[in-house]
Amino acid sequence: MREESTDTGGIGQLDGGVAEPTRAADSREEILDAAAEAFMARGYSGTSITDIADRLGSTKGRFYHWYRSKAQIYLDVHRRAMEMLFEVVEPIAREDRPAEDRLRRMVWEHTRLMMTALPYQRVSVQSLDMRVLVTNQDLGEVRAEVIALRDRYEQMFADVIAEGVAEGSLRPARGRLVTKPLFGAVNWITMWFEPGRSGAPDKQEEICEEMATFVVQGLRKEPS
């Protein structure tokens with residue numbers, strides 16, 4: 001199937017001049033939200049630009065005002081998913097607190113975002129291999145950026161774990177190796193979490209607490 005695309009209009013340029021920045025940002029965020037929901041529901045191959053426009057309640061022209069192709073917005077959904085995680089988790093990693101405490105809170109907040117930003121995070125978790133989307137240099141650069149963000153995010157957890165080992169609160173462990181099962185467990189929430197059944201705030205907090213305890217207890221150093 002040929003991907004819908006167009007060459008009309010520049011990315012990020014508004015017709016008839018420059019619009020008020022907040023309004024423009026809100027418009028693009030709405031398109032990203034609709035795309036994330038569509039990709040979550042139908043997958044990349046099953047989603048068309050018409051599907052995204054229908055979720056927006058607008059024409060495809062609004063989509064093409066910001067994006068040239070489906071692949072481009074798909075990668076932007078991935079990028080936004082990672083940005084959400086960094087915005088919440090990175091400040092915790094930098095706090096002047098014991099590493100074990102920081103790790104617990106990092107896992108807690110990561111888990112919360114798996115549920116509260118489910119469309120973005122499920123698309124990101126389900127679609128780790130994006131090589132098929134790289135059809136030109138621009139998309140290749142975006143994909144490389146997303147992969148670099150993932151690596152830096154994983155390293156952030158590995159560094160905190162290493163600090164916990166040095167402090168003596170966590171058992172000796174190879175940080176980057178340990179992050180594999182850590183994220184395997186936490187990210188899988190996007191596969192089984194159902195907002196209609198387990199989406200109440202109290203249930204979400206319970207899930208966050210259980211996951212944070214599971215991770216930290218698995219890494220905690222046993223007393224001699």
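Because the structure is a prediction, the values reported are computed rather than measured. (Residues numbered from 1 in each chain as written. Predicted model: local features only at pLDDT ≥ 70, side-chain atom pairs only at ≥ 80, totals over all residues. Heavy atoms only, no water.)

A. Quick peek at the overall build of the protein chain. Secondary structure assignment for the protein chain yields 11 helices and 0 strands. The proportion of buried residues among the 224 residues of the protein chain is 46%. As displayed, the protein chain offers around 12,000 Å² of accessible surface, 50% of which is attributable to carbon and sulfur atoms. (Helix = DSSP H or I, 4+ residues; strand = E, 2+ residues; numbered from the N terminus. Buried < 20%, exposed > 50% of the residue type's maximum accessible area, 1.4 Å probe, protein only. Areas by Shrake-Rupley, 256 points an atom, 1.4 Å probe, with all protein chains shown as cover.)

B. Structural detail: helix α4 (residues 70–93). Taking 1.5 Å of rise per residue, the 24 residues of α4 would be expected to cover 34 Å, and the 34 Å separating its terminal C-alpha atoms lies within 8% of that figure. The sharpest bend along α4 reaches about 35 degrees and sits at E87, with the proline P91 one to four residues further on. Counting buried residues in α4 gives 20 out of 24 residues, a clear majority hidden from the surface. The opening residue of α4 is S69, an N-cap whose side-chain oxygen sits 3.2 Å from the backbone nitrogen of Q72. (Expected span 1.5 Å × (residues − 1). Bend = angle between axes of the 7 residues up to and from the residue. Polar contact = N/O pair within 3.5 Å; in protein donor to acceptor, adjacent residues only side chain to side chain.)

C. Local environment of the packing of aromatic side chains. In this structure the tally under the stated criterion is 9 aromatic pairs. Taking the centre distance of 4.8 Å and the plane angle of 85 degrees together, the rings of F39 and Y74 count as edge-to-face. A residue pair is termed long-range when its members are at least 10 positions apart, and F39 in helix α1 (residues 21–46) and Y74 in helix α4 qualify at 35 residues. Comparing F39 with Y74 shows no difference in burial state: the two are buried. (Phe/Tyr/Trp six-rings, centres within 6.5 Å; stacked < 30°, edge-to-face > 60°.)

D. Here's a closer look at the pattern of salt bridges. Within the structure shown, the criterion is met by 19 salt bridges. The salt bridge involving R152 is made with E90; its shortest N-O contact spans 3.3 Å. One end of the pair, R152, is in helix α7 (residues 137–167); the other, E90, is in helix α4, and 62 residues separate them in sequence. For R152, a relative accessible area of 44% translates into the label partly exposed. Taken together, the shared-partner salt bridges connect R28, D76, R79 and E145 into one network. (Salt bridge = Lys/Arg side-chain N within 4 Å of Asp/Glu carboxyl O.)

E. Quick peek at the packing of helix α8 (residues 175–187) against helix α11 (residues 201–219). At a minimum axis distance of 11 Å, the contact between α8 and α11 shows a crossing angle of 160 degrees. The orientation of α8 relative to α11 falls into the category roughly antiparallel. As α8 runs across α11, the sense of the crossing is right-handed. Taken together, the residues of α11 that come into contact with α8 (itself represented by V178, L182, A185 and V186) are M211, F214, V215 and L219. Considering only residue class, the contact of α8 with α11 consists of 8 nonpolar, no polar and no charged. (Axes fitted to C-alpha atoms, helices over the stretch in contact; angles between N-to-C directions. Parallel < 35°, antiparallel > 145°, perpendicular 65-115°, else oblique. Left-handed = near helix turned anticlockwise from the far one by under 90°. Contact = heavy atoms within 4.5 Å. Nonpolar A, V, L, I, M, F, W, Y, C, P; charged D, E, K, R; others polar.)

F. Up close: the side chain of N187. The topology assignment puts N187 in helix α8. Side chain to side chain, N187 and H110 meet in a polar contact 2.7 Å long. For N187, the contacting residues outside a window of four places in its chain are H110, M114 and V125.

G. Examining the environment of R150 more closely. Along the polypeptide, R150 turns up in helix α7. Placed 64 residues apart in sequence, R150 and F86 show a C-alpha to C-alpha distance of 9.9 Å.

H. Here's a closer look at the nonpolar core. Core analysis: the largest hydrophobic core is formed by 59 residues, its most contacted members being F39, I52, I73, L103, Y153 and F157. Ranked by the residues each element gives to this core, the list is headed by α4, at 12 residues. When near neighbours in sequence (up to four residues on either side) are disregarded, F39 contacts Y44, T47, I52, K70, I73, Y74, V77 and V123. (Core = buried A, V, L, I, M, F, W, Y, C linked by side-chain atoms within 4.5 Å.)

I. View of the confidence of the model for the protein chain. Summary statistics for the protein chain give a mean pLDDT of 83 and a share of 82% for residues scoring 70 or more. Per-element confidence in the protein chain is highest for helix α5 (residues 99–116), whose mean pLDDT is 97, and lowest for helix α10 (residues 195–198), whose mean pLDDT is 72. In the model, residues 1–21 has pLDDT below 50 throughout and makes 32 contacts with residues more than four positions away in sequence or in other chains. (pLDDT = per-residue confidence, 0-100.)

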